[in-house]
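Coordinate analysis (summary)
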Amino acid sequence: MSGSQQDNSTSLVITGGTLFDAHGQLTDNPGLLVRDGKIAAVGSEAQQADAARSVDASGCVISPGFVDLCCNLREPGNGQKGNIASETRAAAHGGFTTVCASPETSPVNDSSAVTHLIREGAATRGVVNVLPVGAITRGLEGDLLSDMAGLKNAGCVAVGNGSRGVRNARILRRCMAYAQTFDLTVMFSPENQALAADGYAHDGQVATRLGLLGIPEVAETAAVMEMLLLAEETGVRLHLSQLSCGRSVEMLAEARKRGIQVTADVAMHQLVYTEDALAGFDSRFHVRPPLRSETDRQALLAGVREGVIDAIVSQHQPHDSAAKQAPLPATEPGLSSIESVLSLGLGLVASGELEMPDLLSALTLGPSRVLGREWALAEGVAADLCIFDPKGHWVPSPSTLVSAGHHAPRFGCELPGLMKLTLVGGRTAWQ
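In this text the structure is predicted, and so the values were computed from the model without any measurement. (Residues numbered from 1 in each chain as written. Predicted model: local features only at pLDDT ≥ 70, side-chain atom pairs only at ≥ 80, totals over all residues. Heavy atoms only, no water.)

**Topic: the overall build of the protein**
Across its full length, the protein carries 14 helices and 20 strands. Overall, the protein is about 65 × 45 × 45 Å in size when its C-alpha atoms are taken along their principal axes. A burial count over the protein gives 59% of its 431 residues as buried. Within the protein, contacts between residues at least 6 apart in sequence are counted, and of these 74% link residues at least 24 apart. Put simply, the protein shows about 16,300 Å² of open surface, and 48% of that area lies on carbon and sulfur atoms. Taken as two groups, the 33 positive and 46 negative side-chain charges of the protein have centres that lie 4 Å from each other. (Helix = DSSP H or I, 4+ residues; strand = E, 2+ residues; numbered from the N terminus. Buried < 20%, exposed > 50% of the residue type's maximum accessible area, 1.4 Å probe, protein only. Contact = heavy atoms within 4.5 Å. Areas by Shrake-Rupley, 256 points an atom, 1.4 Å probe, with all protein chains shown as cover. Lys, Arg positive; Asp, Glu negative; His and termini not counted. Charge placed at Lys NZ, Arg CZ, Asp CG, Glu CD.)

Encoded structure:
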């Protein structure tokens, strides 16, 4: 059952279980006291406190709430695909307490008026923290620069172009220089549109065998190189969103050695699936950037383990059922994934491809650093946290999924990781 904005008891003590701490380590929970929306005490003082409620987290992991740098809330507009109420509840079900809202709304979030509309909706109907990302060009058309100063003043934490590329390198350079002037991070999903053209699958063996139009890796790597060079020249803080290629990870590491201010994330499905997921023409796995080769998947996992890739994102894109029921080329890209991110990650932990601290760091500490914030369970900070049972299981189905989009990556399959409780500012967002 999902809860949201009722006036919960003002104090809660959490005992037992394992705590993921500010140093990225799993330790025995010394006791957490939540009072008036904040962590009031950690340790023996918390255990001895007189609280209105208590939670025994034995067998569970207590983590700072997950932070998603790329989430489509579908509001304003696109009401048939979801809205702030449904998709923030889905985020809370997945353990996320903060989501960055993509600028790909209708109308596009390219003005302070739309940003205020998103923030008002989040304040009245959302159950997690919503941080808007503004459009870096008007209408996301890649031609005219948006009012970045106005977007920042209205509450945007960064600017970007969503999943769309900027066709003109001269405009991209101006975007970066302008954003640097206002101390804004730019978030780009790197794709050379001319090279990607009308493709919708990885340009590899599966696409060749099935006759699918491919998107070559160079469509991403050429854009990555261009963005890195322009970021180096302009001095802007660059965030490369949703990498899919091993070569991109190599270039990212090399750029950091040169002192370029660049961070990056990867969508969870890129760490779990490859181009083979499209072998049965399964439209759920029509995603952009496309799922690539096993070699790329292994390089992306290594990037997470080594800290080259800072964050794992959901790249949550809920759709109505009709959008995924056409022939593969005509379907809309994207997975309804935010509720499954933890479970897919725990699968990687079980297979030995990721360690639990690496997974949780990429969902909490890494993305918080990208946003210039600290996300740790310490005295005085907001009580944004989640408690999950790593040995528990659940099955994504119409009755268990909260999102308006039901095209989950493992629909109808038993998944590890049962979310027990999500608190946002001390209030129950999911239980």
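**Quick notes on the pattern of salt bridges**
Per the stated rule, a full pass over the model turns up 15 salt bridges. In this structure, E294 and R297 form a salt bridge, with 2.9 Å as the shortest nitrogen-oxygen distance. Taken together, the positions of E294 and R297, both in helix 11 (residues 294–305) and three residues apart, correspond to about one turn of that helix. Between E353 and R297 there is a salt bridge, with the nearest N and O atoms lying 2.7 Å from each other. With E353 in the loop between helix 12 (341–350) and helix 13 (356–363) and R297 in helix 11, the pair connects residues that are 56 residues apart, well separated along the chain. Assigned by exposure class, E353 and R297 land together as buried. Each of K81, D320 and E332 takes part in salt bridges that share partners, so that together they form one network. (Salt bridge = Lys/Arg side-chain N within 4 Å of Asp/Glu carboxyl O.)

**As for the packing of aromatic side chains**
Taken as a whole and assessed by the stated rule, the structure comprises four aromatic pairs. Ring centres 5.0 Å apart and planes at 90° place the aromatic pair Y178 and F182 in the edge-to-face group. Take Y178: its relative accessible area is 30%, and that puts it in the partly exposed class. Among the residues examined, F182 registers a relative accessible area of 25% and is labelled partly exposed. (Phe/Tyr/Trp six-rings, centres within 6.5 Å; stacked < 30°, edge-to-face > 60°.)

**Brief notes about the environment of A40**
Tracing the sequence through the fold places A40 in strand 5 (residues 38–42). It is 31 Å that separates the C-alpha atoms of A40 and K152, two residues lying 112 residues apart in sequence. A40 has contacts with L33, V34, R35 and E379, leaving out every residue within four places of it along the chain.

**Section: the nonpolar core**
Within the largest apolar cluster, 91 residues are counted, with the highest numbers of intra-cluster contacts made by L238 and L240. Non-local contacts of L240, meaning those with residues more than four positions away in its chain, are made with F188, P190, V224, M227, L228, L252, V262, T263, A264 and D265. (Core = buried A, V, L, I, M, F, W, Y, C linked by side-chain atoms within 4.5 Å.)

**Some words on helix 12**
Most of helix 12 sits inside the fold, with seven of its ten residues counted as buried. Among the residues of helix 12, V341, L342, S343, L344, G345, L346 and L348 are the ones counted as buried. Just downstream of helix 12 lies G352, where phi reads positive at about 85°.

**Side note on the confidence of the model for the protein**
Of the residues in the protein, 98% have a pLDDT of 70 or more, and the chain-wide mean is 94. Confidence over residues 1–8 falls short of pLDDT 50; this stretch has 19 contacts with residues more than four positions distant or in other chains. (pLDDT = per-residue confidence, 0-100.)

**Re the layout of surface pockets**
The calculated volume of the largest pocket comes to roughly 440 Å³. Along the wall of the largest pocket there are 21 residues; nearest its centre are E104, S163, Q317, E332 and P333. A class-by-class count of the residues in the lining of the largest pocket yields four nonpolar, ten polar and seven charged. A volume near 200 Å³ is recorded for the second largest pocket. T185, R237, V370, L371 and G372 are the residues nearest the centre of the second largest pocket, which is lined by 15 residues in total. Elements with a contribution of two residues or more to the lining of the second largest pocket: strand 15 (238–240), strand 16 (262–267) and helix 14 (365–370). Split by residue class, the lining of the second largest pocket holds seven nonpolar, five polar and three charged. (1 Å grid on protein atoms, 1.4 Å probe; cavity = no way out; pocket = protein on both sides within 12 Å on 5 of 7 lines; lining within 4 Å. Points joined across faces, edges and corners; volume = space filled by probe spheres on them. Nonpolar A, V, L, I, M, F, W, Y, C, P; charged D, E, K, R; others polar.)

**Here we look at the side chain of E353**
Residue E353 is classed as buried on the basis of its relative accessible area of 17%. A polar atom in the side chain of E353 sits 2.7 Å from the side chain of R297. In contact with E353, other than residues within four places in its own chain, are R297, Q298, L301, R305 and L348. (Polar contact = N/O pair within 3.5 Å; in protein donor to acceptor, adjacent residues only side chain to side chain.)

**Overview of the sheet that holds strand 1 (residues 11–15)**
Sheet architecture is open: four strands sit in the order 5-4-1-6, paired in mixed fashion. Both edges of this open sheet fall to strand 5 and strand 6 (53–56), since each of them pairs with a single strand only. In this sheet, neighbouring strand axes are inclined to one another by 25° on average, regardless of whether the strands run parallel or antiparallel. (Pairing = 2+ DSSP bridges. Axes fitted to C-alpha atoms, helices over the stretch in contact; angles between N-to-C directions.)

**Let's talk about empty space enclosed by the protein**
Counted under the stated rule, the structure contains four cavities of 30 Å³ or more. Volume-wise, the largest cavity comes out at about 190 Å³. Contributing to the lining of the largest cavity are 20 residues, with C70, S102, G162, S241 and Q242 lying nearest its centre. Counting residues per element, the lining of the largest cavity draws most heavily on strand 8 (residues 66–71), at three residues. Partitioning the lining of the largest cavity into residue classes produces seven nonpolar, eleven polar and two charged.

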